[in-house]
Structures are given as structure tokens and as C-alpha cells.
Amino acid sequence: DDDAIVSRFQEYLRIDTVQPKPDYYRAVDFIKSQAKSLSLESQTIELVEGKPLLLLKWVGSDPTLPAFLLNSHTDVVPFEESKWTHHPLHAHIDHHGNIYARGSQDMKCVGMQYLEAIRKLQASGFKPIRSVYLSFVPDEEIGGHDGVEKFVESQLFKSLNIAVVLDEGLTSPTESYRVFYGERSPWWLVIKAKGPPGHGAKLYDNSAMENLLKSIESIRRFRASQFDLLKAGGIGEGDVVSVNINFLKAGTPSPTGFVMNLQPSEAEAGFDIRIPPNFDSEALERRLVEEWAPAARNMSFEFKQKFSGKQIVTAADDSNPWWSLLENAVKEAGSRTSKPEIFPASTDARYFREAGLLAFGFSPISKTPGLLHDHNEYLGKDEYLKGIDVYVSIIKAYASYESKSGSRDEL
Ligand SMILES: CSCC[C@H](NC(C)=O)C(=O)O
Ligand SMILES: [Zn+2]
Ligand SMILES: [Zn+2]
């Protein structure tokens, strides 16, 4: 019943899987106990010590058909506890029925909804024809390098014969759900400038600060041109390059603050840049080398995070049967999907797509503000329960789809 379903969600939310020290084993044990109650096959894979990945299987009756995978990450981002109205690990339900917790939107909801949907399908007597895999993966929030990036390279993964993956999406403020068929590529870039130090009262060229600011001016012009395209309308937030300066570091510290009359010899800035799939990232990298961090101006750069794989998109039209099945299944559950979009940030789906699989980003959360990584992240109880029924419909449609075609190679 609904109370028990919500209690199980709260239990998962209360497990502390906050980066950078997530308690992965408790999360995996909890999900494993859920899987046992559903008689799912289960195996824990530790591709990197201390970072377990749980793989579950609901075996279909026709093993010759490619399977599908329901993916979710078990880690969550940190929080500033004092800025929350309820403790982010207590999963408190307020009088509106809103459940407050880190991970309530991103994405412990989705992981539990998959399992609850399977519970409902089993209770109704449904038997899958195609096998259903569920993966509960570590480290998405820090780049997925010790999670899905390694998982898709493993022999085990290759042996699973998976055609299509569902992974996380974003909340929608409207009635219809958002769906994502591709995503922007992350570049976390640090640009450094060096230059001669000197008296704070002196005007001279090529100081570290002047050189860095020249770059920042140029990068900001580029940012404005991309933002203008977005403001002009008709495209989505994932269709332009975003650039944000997220840290600045310079100056000569002293016990009483920064020294005011000394021009520093080093200065650096950190940028979070996101590049859409159809954008010429090689040209942007040339621009970085020649214009934003030219060695001739005593500048250098370093990527803290960079996805250099191919940015593949999944067809989100009638040419892809998995798209039509998804769209119709959501309709049959009494809801709608909006026009498919490019995910503006990053998810593990990029690794699945690069490995040759089809993948959609989808979190069945409508009429809810997007509070991923924000204070007071919450999800309404009724929205959570409705999302389970949406997955019942999707899993039923995918697991009953009997055609042997439908892998990316054939589309
Ligand atoms: C570069 S990996 C970081 C992953 C994180 N994902 C989300 C969905 O916020 C991000 O886009 O910042
Ligand atoms: Zn997430
Ligand atoms: Zn996240």
C-alpha cells in the first residue's frame, strides 16, 4: 500500500550516500534486500575497491531478445544543512505531503520507483518477455569515472546484450514530463596566468592579472553571444554552450588580508563549460589555445573534467521503436512527454551512448520546481506514487516488445 511504498523511499533517502564519503555498502545492502523481496537476480560488482555497483535482473522468457536497463546512481551531492528547513537526511514529510531530502529528485526517487513498479507488475501477474536489468551505480556526481565509465568497458557489461537504457532526467514545472535524448559535454577548465610582480602603483603590460582579465573578457563575450541565442527563443537550454566562471584565485595573502600594493605573479580562474552535441568543440579548443590561454601571454590551462568521447544522440522520433514505446506508455499512464531535449548538464547516459546503446534521460516528476543540487530539495508523495505507475506502463511496454530489431546499429 501507499504508506509502505513511501516508507521504503524514506528509508533509502535516509542512507548517507553524500559525496565525497558515500556509504555505498549500506545503500547496496538496502537495495539488495528490496531485490530479494522481488526475487530478482542480484550481483555486486566492485570495479574499484570501495565503490560497489549493484546489478539486478528480472529474467525475461525469451533470452534471445536484447534486454533493457534501468539505471540510477546511489550517490548524492553535499548540502548546507543550516540552509534547509528540514534535515536533508531525515526525509521529513510536511503537511503538503512533500518529502524533503537530498536525493529526493536526484535520483533516489527514480531508483526506488523502478523497484516499486516491478513490485506492482509482479502483483498483477505480469511476466517479462525481454529481460530487465537494473543498475545502482556509484560516483555519478563526481564524473562517473569509477562507476558507469568503467562498467560499460567491462566484459560483464558487454555480455548483458542491452539495447536501451533509461537514466535520470530533470523535473518539469508543467504537467508534461521532460525527456532527454542527448546531453552536453562537460569541460571543467582552469586557466592560469603568470606575469612579473611589481609595485601596485605601477602601470606595466603583461601582469598575470591583466593577462587573465583579457581572457575573461573574451570568454565573457562568447558567453554573451551564446546566451543571446538562448534568449532569442525557439531553442532549449541544452542547445547552446554555457560558460560560467565559478572561481577566481589571485592575490598575495598576508595575516591582515590580501596585500593591496603588490601586483601578483599568478592568477587563475575556473570555468564550468557545457558543449552541445552538434557544436564544433575542436574549434572551441583551438580558440582556447590561441585566444583564451595563449602561451605567448604566459598562460596555461588544465581540464579538471572533460568528456572527450563521441557525443552521440539517441533518435527521439518514430524511427526509434523505443521512443514510440516510451511516449505511448507515458500516455497510457495518463500523462504526456514534452518535446525531447538535450540535457543541459551531465549524466551517466553519455557513457552508455558512447558504448553503442540507446539512452533516454527521464525522471517522472511534473509540476515540481527543479531543486537538484539546491537547498530544500523535495518531492511530493503523490508525484512519487504517480511516477511509479508511469514506470509500470513503460516497463510493461519495453518488456513485452517482441521485435528482435531495435538496437542502435539498426536505426
Ligand atoms: C561532470 S560530472 C558531474 C555530473 C553532474 N550531473 C548533474 C545531473 O548535475 C553535473 O552535470 O555537474
Ligand atoms: Zn543525478
Ligand atoms: Zn546530481
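Conventions adopted
Residues numbered from 1 in each chain as written. Chains lettered and ligands numbered in written order. Predicted model: local features only at pLDDT ≥ 70, side-chain atom pairs only at ≥ 80, totals over all residues. Helix = DSSP H or I, 4+ residues; strand = E, 2+ residues; numbered from the N terminus. Rg over C-alpha atoms; globule rule 2.2 N^0.38 Å. Buried ≥ 20, exposed ≤ 12 C-beta atoms within 10 Å, placed from the backbone. Contact = placed C-beta atoms within 7 Å. Expected span 1.5 Å × (residues − 1). Arc of directions from axis to C-beta. Core = buried A, V, L, I, M, F, W, Y, C linked by C-beta atoms within 7 Å. Pairing = 2+ DSSP bridges. Axes fitted to C-alpha atoms, helices over the stretch in contact; angles between N-to-C directions. UniProt positions renumbered as here; feature names shortened; annotations may be inferred. Near = placed C-beta within 6 Å. Nonpolar A, V, L, I, M, F, W, Y, C, P; charged D, E, K, R; others polar.

Draft legend 1. Structural detail: the overall build of the protein chain. Within the protein chain, the regular secondary structure consists of 10 helices and 19 strands. For the protein chain, the C-alpha radius of gyration of 24 Å lies close to 22 Å, the compact-globule estimate for 411 residues. Each principal axis of the C-alpha atoms in the protein chain carries an extent, and together these give about 80 × 45 × 45 Å. Looking at the protein chain as a whole, 44% of its 411 residues are labelled buried. In the protein chain, the proportion of contacts linking residues at least 24 apart, taken out of those at least 6 apart, comes to 79%.

Draft legend 2. Inspection of helix H1 (residues 2-13) at higher detail. Compared with the 16 Å implied by 1.5 Å per residue over 12 residues, the 17 Å span of H1 between its first and last C-alpha is a close match. Within the sequence span of H1, burial applies to Val 6, Phe 9, Tyr 12 and Leu 13. Viewed along the axis of H1, the buried residues span an arc of 115°, placing them on a single side of the element. Away from its buried face by more than 90 degrees, H1 exposes Asp 3, Ala 4 and Ser 7. Packing partners of the buried residues in H1 comprise helix H2 (24-37), helix H3 (108-123) and helix H10 (381-400).

Draft legend 3. Geometry of the nonpolar core. Ranked by internal contacts, the top residues of the largest apolar core, which has 83 residues, are Val 132, Val 165, Phe 352, Leu 357 and Ile 395. Sequence-distant contacts of Phe 352, defined by excluding residues within four places in its chain, comprise Val 148, Val 152, Val 165, Leu 357 and Ala 359. With 19 residues, the next largest nonpolar core counts Leu 189, Ala 193, Val 243 and Ile 275 among its residues.

Draft legend 4. How the structure looks around the sheet that holds strand S6 (residues 132-137). An order of S1-S2-S6-S3-S7-S18-S8-S17 is seen for the eight strands of this open sheet, with the pairing classed as mixed. Sheet topology places strand S1 (41-45) and strand S17 (341-343) at the edges, where each strand pairs with a single neighbour. Adjacent strand axes in the sheet meet at a mean angle of 30° when their direction is disregarded. Of the strand pairs in this sheet, strand S8 (residues 179-183) and S17 are connected by three bridges, and their pairing is parallel. In the strand pairing of S17, Glu 183 is matched with Phe 343.

Draft legend 5. Molecular detail of the UniProt feature "active site" (unreviewed entry) in the protein chain. Feature annotation in UniProt assigns "active site" (unreviewed entry) to the following positions: Asp 75 and Glu 140. In three dimensions, the annotated residues from a span of 66 residues occupy one location, with a maximal C-alpha spread of 6.9 Å. Note that Asp 75 resides in the loop between strand S3 (67-73) and strand S4 (92-93). Its 26 C-beta neighbours within 10 Å are what place Asp 75 among the buried residues. In this view, Asp 75 contacts Thr 17, Gln 19, Pro 22, Pro 138, Asp 139, Glu 140 and Glu 141; residues no more than four positions away in its chain are not counted.

Draft legend 6. Examining the site of ligand 1 more closely. With respect to spatial proximity, the complete set of residues near ligand 1 consists of Glu 141, Gly 143, Pro 186, Gln 305, Ala 345, Ser 346, Thr 347 and His 373. Its residues assigned to classes, the shell around ligand 1 shows two nonpolar, five polar and one charged.

Draft legend 7. Here's a closer look at H3. The terminal C-alpha atoms of H3 lie 23 Å apart, and with 16 residues this matches the ideal 22 Å at 1.5 Å per residue to within 8%. Counting buried residues along H3, 12 of its 16 residues qualify, which places the element largely inside the surrounding structure. Residues of H3 that are buried: Lys 108, Cys 109, Val 110, Gly 111, Met 112, Gln 113, Tyr 114, Leu 115, Glu 116, Ala 117, Ile 118 and Leu 121. Just downstream of H3, Gly 125 is the residue with a positive phi angle, here 90°.

Draft legend 8. Spatial organisation of the environment of Glu 141. Residue placement: Glu 141 occurs in the loop between S6 and helix H4 (148-151). Considering only alpha carbons, one finds Glu 141 and Gln 19, 122 residues apart in sequence, at a separation of 7.6 Å. The residues contacting Glu 141, other than those within four sequence positions of it, are Gln 19, His 73, Asp 75, Val 76 and Val 77.

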